[in-house]
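Next come the chains, spelled out residue by residue.
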Amino acid sequence: MKSVISELSVLVTDDSLTQRQYAKGLCSELGVKDLHDAANGVDALNVLESRGVDVVLVDLEMPIMDGVELIRSMAQKKLASSVIILSAKDPILIASVGTMAEADGLHVLGTFQKPLLPDALECSLLRFIQDTKNKAAEPHVQQDNEVTAVELGEALANNELTLAFQPKLTVQGLMLKGVEALARWRHPQKGVISPGVFIPLAERHGMIDMLTRHLLQAAFQHKRTWQNYGLRFNLAFNLSPLSLADSDMVEWLCKMAEDHGIAPSEITFEITENALLGELASAIQTLARLRLKGFHIAIDDYGTGFANAQQLSRVPATELKIDRSLVHRAAARPQQRTILASTVDLAKNLNLTTVAEGVETDEDYRIIADLGVDLVQGYYFSKPLFPEDLLVWIKSGLSQLRRQHEKH
Ligand code: C2E
Ligand code: CA
Ligand code: CA
């Protein structure tokens, strides 16, 4: 592994010369050659403006520009993306700065109380390498965010919108419980564009219902094909909060399921936590009707929004999907782990099936298993797959995964 770490460039920021030398010494021992340092935030920004680095170590207490300001500026100016946060202060403060940095779009490799230990640094740098690899492996490479509503309309007409499917597995035994359909736009010039770009565009331009109907039809057709092969697993589909306000949606969904010969009990609609905050009454009405028809309802991205336990208990949901920001790396973050554990408890008390999203490592998986979560989803098991790859994965990848875990 040393050889991979040696390729990285690292910037150490700390006002104390001794601490800087210590951290640089640790990096050198791990094989890092491209090493830089700065004694405060302003100097660090200067270094970053003149040359990009892979990983920035940030000490929170520095004169002139402290670590928190530095993190904000790096994120705003898009000067760096991966950080390791260090401080002599208490772990809760460090963890909360970590959460802030993530909300700003930075990739937090680790948050540590000083002194920085060699193992912690090595794990963080390896994480950077692993995560970069995962990113490269994802089938959607976003080449250009500049797409317009007109192009999206054409894409719909030209059938450029398709679906990838990510497996949802049981924590115990790694059985395939279902798949989540994730929209992909195969743009002829710009490559595969992620839904994070075009779903909000569709929502802003009044095209979301059209898009939803198009994708749902495609998803149901795939489910029908799998059923014909004798494969029966649940299909999860994301619904925009705007669709909950579309009063014809429920009837249309029922008709689609019937036309495709699909049992509503094998379909789950995923709704983000925040969709439940706005026009709660009409959203709850739609969800209640879907439940009555036999569909399942999942609350998505739980932990990123502001729904409280009472609001949660009013939603006729069957499943709670715990967001990646609570799941991933909980092992290294005691505070995050506490929130995760209490979220699992809450879901269990409300009789909801629990799903951990964004499980990326064995460490993540172990914590989730210890907490008694029901289902898992994440790159650690499988990235989202196009239908032909999904079938291959079900035939060979899945049993391989199980064998690997039996050995543990
Ligand atoms: P989501 O519903 O939370 O979907 C999970 C997202 O996490 C997917 O991103 C998936 O590729 C990604 N993911 C899965 N495992 C991992 C992991 O281990 N690590 C990391 N870092 N990421 C992981 P994707 O496909 O880019 O979708 C982004 C969002 O776009 C979805 O978030 C969902 O809110 C929305 N979306 C996707 N398809 C549709 C759709 O058909 N309709 C609507 N309304 N929204 C959609
Ligand atoms: Ca989802
Ligand atoms: Ca989610």
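Residues numbered from 1 in each chain as written. Chains lettered and ligands numbered in written order. Predicted model: local features only at pLDDT ≥ 70, side-chain atom pairs only at ≥ 80, totals over all residues. Heavy atoms only, no water.

Some words on the confidence of the model for the chain
Moving on, step 1. Of all residues in the chain, 96% attain a pLDDT of 70 or more, and the chain-wide mean is 90.
Moving on, step 2. In the model, residues 140-144 has pLDDT below 50 throughout and makes 12 contacts with residues more than four positions away in sequence or in other chains. (pLDDT = per-residue confidence, 0-100. Contact = heavy atoms within 4.5 Å.)

Some words on the nonpolar core
Moving on, step 1. If you look at the biggest cluster of nonpolar residues, it comprises 80 residues, and the most contacted ones within it are Leu 152, Leu 169, Leu 211, Leu 235, Phe 269, Ile 368 and Val 376.
Moving on, step 2. Sorting elements by how many residues they give to this core places helix α9 (residues 208-228) first, with seven residues.
Moving on, step 3. Beyond its immediate stretch of four places on either side in the chain, Leu 235 contacts Phe 165, Val 179, Ala 181, Ala 219, Phe 220, Lys 223, Trp 226, Glu 266, Ile 267 and Thr 268.
Moving on, step 4. Among the nonpolar cores identified, the runner-up in size contains 26 residues, and Ala 38, Ala 44, Val 97 and Leu 106 belong to it. (Core = buried A, V, L, I, M, F, W, Y, C linked by side-chain atoms within 4.5 Å. Buried < 20%, exposed > 50% of the residue type's maximum accessible area, 1.4 Å probe, protein only. Helix = DSSP H or I, 4+ residues; strand = E, 2+ residues; numbered from the N terminus.)

Remarks on the site of ligand 1
Moving on, step 1. In the neighbourhood of ligand 1, 23 residues make up the surrounding shell, with Gln 166, Ala 183, Arg 184, Glu 360 and Tyr 379 lying closest.
Moving on, step 2. Between Glu 180 and ligand 1, the recorded distance is 3.1 Å, taken from a side-chain N or O atom to an oxygen atom.
Moving on, step 3. Here Asp 300 contributes a side-chain N or O atom positioned 3.0 Å from an oxygen atom of ligand 1.
Moving on, step 4. Here ligand 1, which alone exposes 800 Å², has 83% of that area covered by the protein.
Moving on, step 5. The set of elements that each furnish at least two residues to the shell around ligand 1 consists of β7 (176-187), α8 (195-204) and β11 (296-302).
Moving on, step 6. When residues in the shell around ligand 1 are grouped by element, the largest group, four residues, is from β7.
Moving on, step 7. Taken together, the residues that form the shell around ligand 1 break down as nine nonpolar, six polar and eight charged. (Near = heavy atom within 4 Å. Polar contact = N/O pair within 3.5 Å; in protein donor to acceptor, adjacent residues only side chain to side chain. Areas by Shrake-Rupley, 256 points an atom, 1.4 Å probe, with all protein chains shown as cover. Nonpolar A, V, L, I, M, F, W, Y, C, P; charged D, E, K, R; others polar.)

Description of unusual backbone geometry
Moving on, step 1. A cis amide bond, omega 0°, links Lys 114 with the succeeding residue Pro 115.
Moving on, step 2. Secondary-structure assignment places Pro 115 in the loop between β5 (107-113) and α6 (118-137).
Moving on, step 3. Phi is positive for Asn 159, which is not a glycine, with a value near 60°.
Moving on, step 4. As for its position among the elements, Asn 159 is in the loop between α7 (149-157) and β6 (161-170).
Moving on, step 5. According to the relative accessible area criterion, Asn 159 is exposed, its value standing at 56%.
Moving on, step 6. If you check the backbone angles, Arg 329 has positive phi at about 70° while not being a glycine.
Moving on, step 7. One can find Arg 329 in the loop between α13 (324-327) and α14 (334-349).

What about the coordination of the calcium ion (ligand 3)?
Moving on, step 1. All of the protein donors around the calcium ion (ligand 3) are Asp 300 (OD), Asp 301 (OD), Glu 357 (OE) and Glu 357 (OE); their distances to the metal are 2.1 to 2.5 Å.
Moving on, step 2. For the calcium ion (ligand 3), the single-chain donor residues occur in sequence as D-D-x55-E.
Moving on, step 3. Between the calcium ion (ligand 3) and the calcium ion (ligand 2), a spacing of 4.0 Å is present, and a bridge between the two is formed by Asp 300. Note that Asp 301 is positioned in strand β11 and Glu 357 in the loop between β13 (353-356) and α15 (362-370), a separation of 56 residues in sequence.
Moving on, step 4. On the basis of relative accessibility, which here comes to 11%, the residue Glu 357 falls in the buried class. (Donors = N, O, S within 2.8 Å, 3.2 Å for Na, K, Ca; no water.)

Here we look at the domain arrangement of the chain
Moving on, step 1. Here the domain parsing of the chain yields domain 1 (2-137) and domain 2 (150-407).
Moving on, step 2. For domain 1 versus domain 2, the distance between C-alpha centres works out to 33 Å.
Moving on, step 3. Inspection of the region where domain 1 meets domain 2 yields two salt bridges.
Moving on, step 4. Across the salt bridge formed by Glu 363 and Arg 127, the nearest N and O atoms sit 3.3 Å from each other. (Domains from an automatic or database assignment. Salt bridge = Lys/Arg side-chain N within 4 Å of Asp/Glu carboxyl O.)

Points about the coordination of the calcium ion (ligand 2)
Moving on, step 1. Coordination of the calcium ion (ligand 2) by the protein involves Glu 180 (OE), Asn 238 (OD1), Glu 270 (OE) and Asp 300 (OD), with metal-donor separations of 2.1 to 2.3 Å.
Moving on, step 2. Here the donor residues of the calcium ion (ligand 2) are spaced in sequence according to E-x57-N-x31-E-x29-D.
Moving on, step 3. The class for Asn 238 is partly exposed, based on a relative accessible area of 28%.
Moving on, step 4. Classification of Asp 300 by relative accessible area gives buried; the value is 5%.

A few points about the sheet that holds strand β2 (residues 34-38)
Moving on, step 1. One open sheet holds the five strands; their spatial order is β2-β1-β3-β4-β5, and the pairing between them is parallel. Two strands lie at the open edges of the sheet, namely β2 and β5, each paired on one side alone. Recorded for the sheet is a direction-independent mean angle of 15° between the axes of neighbouring strands.
Moving on, step 2. Of the pairings in the sheet, the one linking strand β3 (residues 55-59) to strand β4 (residues 82-87) comprises five bridges and is parallel in character. Note on β4: the bridge partner recorded for Leu 57 is Ile 84.
Moving on, step 3. Across the sheet, helix α4 (residues 67-76) is in contact with β1 (9-13), β3 and β4; its angle to β3 comes to roughly 150°. (Pairing = 2+ DSSP bridges. Axes fitted to C-alpha atoms, helices over the stretch in contact; angles between N-to-C directions.)

Examining the pattern of salt bridges
Moving on, step 1. Under the defined criterion, the tally for this structure stands at 22 salt bridges.
Moving on, step 2. The salt bridge involving Arg 20 is made with Asp 37; its shortest N-O contact spans 3.1 Å. Of this pair, Arg 20 sits in helix α2 (residues 17-29) while Asp 37 sits in strand β2, placing them 17 residues apart in sequence.
Moving on, step 3. Accessibility expressed as a relative area gives 12% for Arg 20, which makes it buried.
Moving on, step 4. For Asp 37, a relative accessible area of 33% puts it in the partly exposed group.
Moving on, step 5. Within the structure, one salt-bridge network assembled from shared partners comprises Lys 168, Glu 180, Glu 270, Glu 319, Lys 321 and Glu 357.

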